[in-house]
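# Coordinate analysis (summary)
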Amino acid sequence: MTAEPVSPTELGADLRHVRSWIFDLDDTLYPPERQILKRVSERIGHFMVRTTGLPPDEAKALQKRYLMDHGAALGGLMKDYTIDPEEFLADVHDVPLHDLEPDEGLRAGLERLTGPRYVFTNGSTRHGERVLEQLGISDLFDGLFAVEHARLVPKPHPDTFALMLDRFGLDPATAAFFEDTVRNLDHAKVLGMTTILVGPHAFDAEAPFIDHRAAALGPFLAAAILPGDPT
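Residues numbered from 1 in each chain as written. Predicted model: local features only at pLDDT ≥ 70, side-chain atom pairs only at ≥ 80, totals over all residues. Heavy atoms only, no water.

This next bit is on the overall build of the protein chain. Scanning the protein chain for helices and strands turns up 9 helices and 6 strands. Radius of gyration (C-alpha) of the protein chain: 18 Å, near the 17 Å computed for a compact globule of 231 residues. Taken across its 231 residues, the protein chain has 48% of its residues classed as buried. Approximately 11,500 Å² of the protein chain is accessible, and the part contributed by carbon and sulfur atoms is 52%. Both charge centroids of the protein chain, one from 22 positive and one from 37 negative side chains, sit 1 Å from each other. (Helix = DSSP H or I, 4+ residues; strand = E, 2+ residues; numbered from the N terminus. Rg over C-alpha atoms; globule rule 2.2 N^0.38 Å. Buried < 20%, exposed > 50% of the residue type's maximum accessible area, 1.4 Å probe, protein only. Areas by Shrake-Rupley, 256 points an atom, 1.4 Å probe, with all protein chains shown as cover. Lys, Arg positive; Asp, Glu negative; His and termini not counted. Charge placed at Lys NZ, Arg CZ, Asp CG, Glu CD.)

The next thing to look at is the packing of aromatic side chains. Tallied over the full model, the rule gives 11 aromatic pairs. Pairing F145 with F168 gives two aromatic rings, centres 6.4 Å apart and planes at 75 degrees, and the pair type is edge-to-face. Within this pair, whereas F145 is found in strand β3 (residues 143-145), its partner F168 is found in helix α7 (residues 158-168), the two being separated by 23 residues in sequence. Among the residues examined, F145 registers a relative accessible area of 1% and is labelled buried. Seen in terms of ring centroids, F178 and F220 are 6.0 Å apart; in terms of plane orientation they differ by 80 degrees. Their pairing is edge-to-face. Of this pair, F178 sits in strand β4 (residues 175-179) while F220 sits in helix α9 (residues 217-223), and the two are 42 residues apart along the sequence. Just as F178 is buried, F220 falls in that class too. (Phe/Tyr/Trp six-rings, centres within 6.5 Å; stacked < 30°, edge-to-face > 60°.)

Counting buried positions over the 5 residues of strand β5 (residues 194-198) gives 5, a clear majority of the element. With burial as the criterion, each face of β5 is covered, one bearing T194, I196 and V198 and the other bearing T195 and L197. Relative to β5, β4 runs parallel, the two being bridged by 4 bridges. Looking at the pairing, E179 lines up with L197 of β5. A crossover connection joins β4 to the parallel β5 through helix α8 (residues 186-191); in handedness this β-α-β unit is right-handed. Sheet topology note: the β5/strand β6 (residues 212-214) ladder contains 3 bridges and is parallel. Bridging from a neighbouring strand, L197 pairs with R213 of β6. (Pairing = 2+ DSSP bridges. Right-handed = clockwise from strand over helix to strand, strands pointing away.)

Let us look at the pattern of salt bridges. If charged atoms from side chains of opposite charge come close, those side chains can pair. Scanning the entire structure with this criterion turns up 14 salt bridges. For D99, the salt bridge identified is with R39, shortest N-O distance 2.1 Å. Of the two residues, D99 is situated in the loop between α4 (85-92) and α5 (104-112) and R39 in helix α1 (residues 36-52); the sequence distance between them amounts to 60 residues. On the basis of relative accessibility, which here comes to 27%, the residue D99 falls in the partly exposed class. The partner of D91 in a salt bridge is R43, with the nearest N and O atoms 3.3 Å apart. On the criterion of sequence distance, the pair formed by D91 in helix α4 and R43 in helix α1 is long-range, its members being 48 residues apart. Look at D91 and you get buried, because its relative accessible area is 19%. Overlapping salt bridges bring together D24, K155 and E179 as one network. (Salt bridge = Lys/Arg side-chain N within 4 Å of Asp/Glu carboxyl O.)

Moving on, we come to the sheet that holds β5. Taken in spatial order, the 6 strands of this open sheet run β3-β2-β1-β4-β5-β6, and their pairing is parallel. The strands lining the two open edges of the sheet, one partner per strand, are β3 and β6. Between one strand axis and the next, the sheet turns by 20 degrees as a mean value, whatever way the strands run. Bridge analysis of strand β1 (residues 20-23) against strand β2 (residues 117-120) gives 3 bridges, and the strand direction is parallel. Across the sheet, I22 pairs through a bridge with Y118, a residue of β2. Sheet strands touched by α7: β1, β2, β3 and β4. Its angle to β3, the strand with the most contacts, is close to 160 degrees. (Axes fitted to C-alpha atoms, helices over the stretch in contact; angles between N-to-C directions. Contact = heavy atoms within 4.5 Å.)

Glancing now at unusual backbone geometry. Note that the residue after K155, namely P156, is joined by a cis bond; omega there is 10 degrees. Of note, the phi angle at R151 is positive, near 60 degrees, even though the residue is not glycine. By secondary structure assignment, the location of R151 is in the loop between β3 and α7. A positive phi angle, close to 70 degrees, is found at L152, a residue other than glycine. Considering the arrangement of structural elements, one finds L152 in the loop between β3 and α7.

These figures come from the coordinates and say nothing about function on their own.
And the structure:
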């Protein structure tokens, strides 16, 4: 019997060319079972019911359509309704973070990285700050690019990537981007970034623009071959 090919473990990924490190926030720097995004999504649903006047099931369907068409519900709401984006962002991100705890393995992995580290999120600035504080890793990051900095246009829009790269003065050819959402890696790869899909389903994805996969971020960073490591 011919043995089936063994799936790559992604331990020991060669990242010696990387000089800057870009991380999505939610479900990337912490595991999705913490349910933070679920809480945000529920608050978005409540906001949409209040704004649109639709019944909850119809508002939920519209929320999903906005996510597919605009990358986030905010874009659709601004297009079709009169809302205050700042009020929206403050409202939907007002969620408890008690499930998030510092992870020694994650911190150790991040500390291994030479060069600046950045967060690139579709969430709000305050949400990003709260999550990093709760995880105990705020001090390890050199910058946070939130949806406000993207003129309220979320990933994966190309203009949002351009604004992020310009804000931090990054060369995409020497940048690594860690994300849990497959489609957000597509344009990153077009730009020349090294792309890493993170999460429990990372090894199920077959998109050609994924360079590496990490079921969990800490172990991946702990085993990666980094600049300065022996060959």
